[in-house]
Amino acid sequence: MVLIRPPFPRGIWVALTLMLGALFVAIPASAHENHQQAQVEKEHRARMQAKAVTPGVMQAQMADHAKAMEEARPRTLSQRFMSWLGRTHPFAVHFPIALFPVALVALVLARRRGETVELIRAIIIVAGAAAAGAAALGWITAGLPSTDPDGLHRWHRWLGTILALIGSGVAFWAWRRRDSVDSPMMLPALGAITLLLMVQGWLGAALVHGMEHMDF
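Report follows, based on the coordinates.

What counts, and at which threshold
Residues numbered from 1 in each chain as written. Predicted model: local features only at pLDDT ≥ 70, side-chain atom pairs only at ≥ 80, totals over all residues. Heavy atoms only, no water. Helix = DSSP H or I, 4+ residues; strand = E, 2+ residues; numbered from the N terminus. Buried < 20%, exposed > 50% of the residue type's maximum accessible area, 1.4 Å probe, protein only. Contact = heavy atoms within 4.5 Å. Areas by Shrake-Rupley, 256 points an atom, 1.4 Å probe, with all protein chains shown as cover. Salt bridge = Lys/Arg side-chain N within 4 Å of Asp/Glu carboxyl O.

## Looking at the overall build of the protein chain
Okay, step 1: On a plain count of helices and strands, the protein chain comes out with eight helices and zero strands.
Okay, step 2: Starting at the N terminus, the α and β elements of the protein chain follow one another as α-α-α-α-α-α-α-α.
Okay, step 3: Out of the 216 residues in the protein chain, the part that is buried amounts to 36%.
Okay, step 4: If you take every contact in the protein chain between residues at least 6 apart in sequence, the share linking residues at least 24 apart comes to 77%.
Okay, step 5: Carbon and sulfur atoms provide 68% of the accessible area of the protein chain, an area that totals close to 13500 Å².

Written out as structure tokens, the structure reads:
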């Protein structure tokens, strides 16, 4: 009987499980705060829609909204730290966004020349670690899934989580196996990650600039 080995080592599932555990340990520290802020925003929008807004009413509502947001702001040192840590998410996502496509292009060029480079393996490892870190920061700043205000936020959350799982898995494979870069599975894996990163980048920009941000 011929046993077919999976393309990834068994230890990869241990790493993925540990990463998921770390994510869900970090979430409760900021989930309550994010839920409060989301509730304040929701109530403010409901009040704005429930009545005709005159300049005087608008000013009063803005003052009430500012007061409510101030009350929902984190107070303790740990709450402020977790809030600050979560806000580094937009900065952290640039690392996997850059490194995975670089690893893909470098691997394509290396294979065309009939050689592989150890540097590519290092890039993949760093990119996977960065993807896991960026996803963890995203969960910290967004809180629990119940706080997602719409489908766009949900898609961004779960696609980012999937990318972190795949990226960290490929990175763990590269770390454990020196010959992983030579595997026929590595190029498709990097290609799939790069395509998913493009979609995730569009979703992230849509959250900030609106769905029409790429209109021609």
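## Concerning the pattern of salt bridges
Pairing between side chains becomes possible if they bear opposite charge and their charged atoms approach one another.
Okay, step 1: Scanning the model with the defined rule gives four salt bridges in all.
Okay, step 2: Residue R178 pairs with E118 through a salt bridge whose shortest N-O separation is 3.7 Å. Pair noted here: R178 is in the loop between α7 (151–176) and α8 (186–209) and E118 is in helix α6 (residues 118–142), with a separation of 60 residues, a long-range link.
Okay, step 3: Among the residues examined, R178 registers a relative accessible area of 61% and is labelled exposed.
Okay, step 4: Residue class for E118 comes out partly exposed when judged on its relative accessible area of 40%.
Okay, step 5: Here D179 and R177 are joined by a salt bridge, their closest N and O atoms 3.2 Å apart.
Okay, step 6: Using a relative accessible area of 31% as the deciding quantity, one classes R177 as partly exposed.
Okay, step 7: Through salt bridges with shared partners, a single network forms among E118, R121 and R178.

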